[in-house]
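Remarks on the overall topology
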Amino acid sequence: MEWIQLYNGVKIPVLGFGVWQCGDATKDTVVSALHMGYRMIDTSAQYGNESAVMEGIKESGISRDDVFITTKLWNDDIRKRRTKQAFMESLRRLKTDYIDMYLIEWPIEGFIRAWQDMADLYHEGWVRAIGVSNFKIHHGKELSEVSDVMPVINQIESHPYFNNSELIDYCRLNRIAVTAYSPLGGGVNNLLQDPMLKSIGEKYGKTPAQIILRWNIDRDVISIPKSVHASRLKENWNIFDFKLSNSDIVAINKLNKNERVGSDPDKITF
C-alpha cells in the first residue's frame, strides 16, 4: 500500500474501498477487502451502512487503529444545523471513539456553518482530519474567506472521461488532497471498454480498471472504487507493481470528454 500525507500530518492510503450501495453485502465485503490488504473504508451516514462497516472491521480481526475510516455529513443534517449531533450519531453507529476523516458530502446552503462546527470537532479531537466532497473552486474560495481551517481533502468525481483537472490543480495549489469517486466511470459510460485504455493495459499486462487506478496514483489522486465482488476487489488491489510512463499518463488525460456520471454540485436537488 502507498500512502499520501495530508497537510495536517495525517496519512491516508492512496487506495480505499467505497461502500456506497453495498447494501446487505457491506459487512462481508469489508471483511474481504481488509483481508486483501485494503486499509481505508469510505462510507457515509446517508449510505445506511456505517454499523455494517464496523461489524466487518471487527470480524476481519484487523485492529481498528489500522483502518482509516471516512464518513460524511448528509445534506438534511446540514439544513437542520445538526452537524455535531450527526457526527456523534455516526460515531455511535461505527462503535468507535474517533473518526479518521469527516467530510461535508455536498456543498448545499448552510455548508459554511457546518464547516465551522466540524472545525470544532476537529479541535476537540473527535476526528483526525476534516474535508469536503463535491466542492468546486468557488466553494473552496467561500470557505477560505470565513475559516482559517481549510479542508485537508476534497472528494470529487474524477475519471478519464471527466478528469476534473482544473479543480484538481486548484486543490494542489492549496495543499488540499484529492480523492476520486466513480474512478472507473460508475459503470454507466463504458469507460472500461475504451480502446486506448485496453491498448495501454496490454502493454503492462493489466486491465483497463487497473490502468485507471494506477493513473490516479501516478497523479497523486486517491481512489475509492466500489465492488461487492471479490474478484474485482482483487483486480483493483493489484496495481502496486507497476507505474505508467509519462506518455501514457498524457494519453489518458486526453480522453477527457468533460462528461459527468454523477450530479453537478451546483445543481443539487436532493
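Above this text is the structure in question.
Rules behind the numbers
Residues numbered from 1 in each chain as written. Predicted model: local features only at pLDDT ≥ 70, side-chain atom pairs only at ≥ 80, totals over all residues. Heavy atoms only, no water. Helix = DSSP H or I, 4+ residues; strand = E, 2+ residues; numbered from the N terminus. Rg over C-alpha atoms; globule rule 2.2 N^0.38 Å. Buried < 20%, exposed > 50% of the residue type's maximum accessible area, 1.4 Å probe, protein only. Contact = heavy atoms within 4.5 Å. Areas by Shrake-Rupley, 256 points an atom, 1.4 Å probe, with all protein chains shown as cover. Lys, Arg positive; Asp, Glu negative; His and termini not counted. Charge placed at Lys NZ, Arg CZ, Asp CG, Glu CD. Core = buried A, V, L, I, M, F, W, Y, C linked by side-chain atoms within 4.5 Å. Salt bridge = Lys/Arg side-chain N within 4 Å of Asp/Glu carboxyl O. Pairing = 2+ DSSP bridges. Axes fitted to C-alpha atoms, helices over the stretch in contact; angles between N-to-C directions.

Points about the overall build of the chain
Within the chain, the regular secondary structure consists of eleven helices and ten strands. Computed over the C-alpha atoms, the radius of gyration of the chain is 18 Å, within 12% of the 18 Å expected from 2.2 N^0.38 for a compact globule of 270 residues. Considering only C-alpha atoms, the chain reaches an extent of 50 × 40 × 35 Å along its principal axes. Here the chain holds 270 residues, and the buried ones make up 54% of them. Contacts in the chain between residues at least 24 apart in sequence constitute 73% of all its contacts with a sequence separation of at least 6. Surface accessibility of the chain: about 12000 Å² in total, with carbon and sulfur atoms responsible for 46%. Across the chain, 33 positive and 35 negative side-chain charges occur, with their mean positions spaced 2 Å apart.

Section: the nonpolar core
Ranked by internal contacts, the top residues of the largest apolar core, which has 74 residues, are Leu-6, Ile-12, Phe-17, Met-101, Ile-104 and Ile-153. Residue contacts for Leu-6: discarding those within four places in its chain leaves Ile-12, Met-101, Ala-129, Val-152, Ile-153 and Ala-177. Counting ten residues, the second largest nonpolar core, distinct from the first, contains Met-150, Cys-171, Ala-180 and Val-221.

Considering the pattern of salt bridges
For the structure shown, the criterion picks out 17 salt bridges. For Glu-2, the salt bridge identified is with Arg-214, shortest N-O distance 3.3 Å. Taken as a pair, Glu-2 in the segment before β1 (3–5) and Arg-214 in helix α9 (residues 208–218) lie far apart in primary sequence, 212 residues in all. Looking at Glu-2, the relative accessible area reads 27%, which means it is partly exposed. With a shortest N-O distance of 3.6 Å, Asp-117 and Arg-113 are connected by a salt bridge. Taken as a pair, Asp-117 and Arg-113 lie in helix α5 (residues 111–123) at a separation of four residues, close to a single helical turn. Take Arg-113: its relative accessible area is 39%, and that puts it in the partly exposed class. In this structure, a network of salt bridges that share partners links the residues Glu-2, Arg-214 and Asp-218.

Looking at the sheet that holds strand β9 (residues 177–181)
Pairing is parallel across the open sheet formed by eight strands, whose spatial order is β3-β4-β5-β6-β7-β8-β9-β10. Here the strands that pair on one side only, and so sit at the sheet edges, are β3 (17–18) and β10 (221–223). Relative to strand β7 (residues 127–133), strand β6 (residues 99–104) runs parallel, the two sharing five bridges. Residue Ile-99 lies in a different strand from β7, and its bridge partner there is Val-127. Taken strand by strand, α5 contacts β5 (68–73), β6 and β7, and its axis lies near 165° from that of β7.

Describing unusual backbone geometry
Positive phi, close to 65°, is recorded for Asn-134, a residue that is not glycine. Of note, Asn-134 is situated in the loop between β7 and α6 (137–146). Of note in the backbone geometry, Ser-182 takes a positive phi value of approximately 50° without being a glycine. Locating Ser-182 in the fold gives a position in the loop between β9 and α8 (195–204). The partly exposed category is assigned to Ser-182, whose relative accessible area is 24%.

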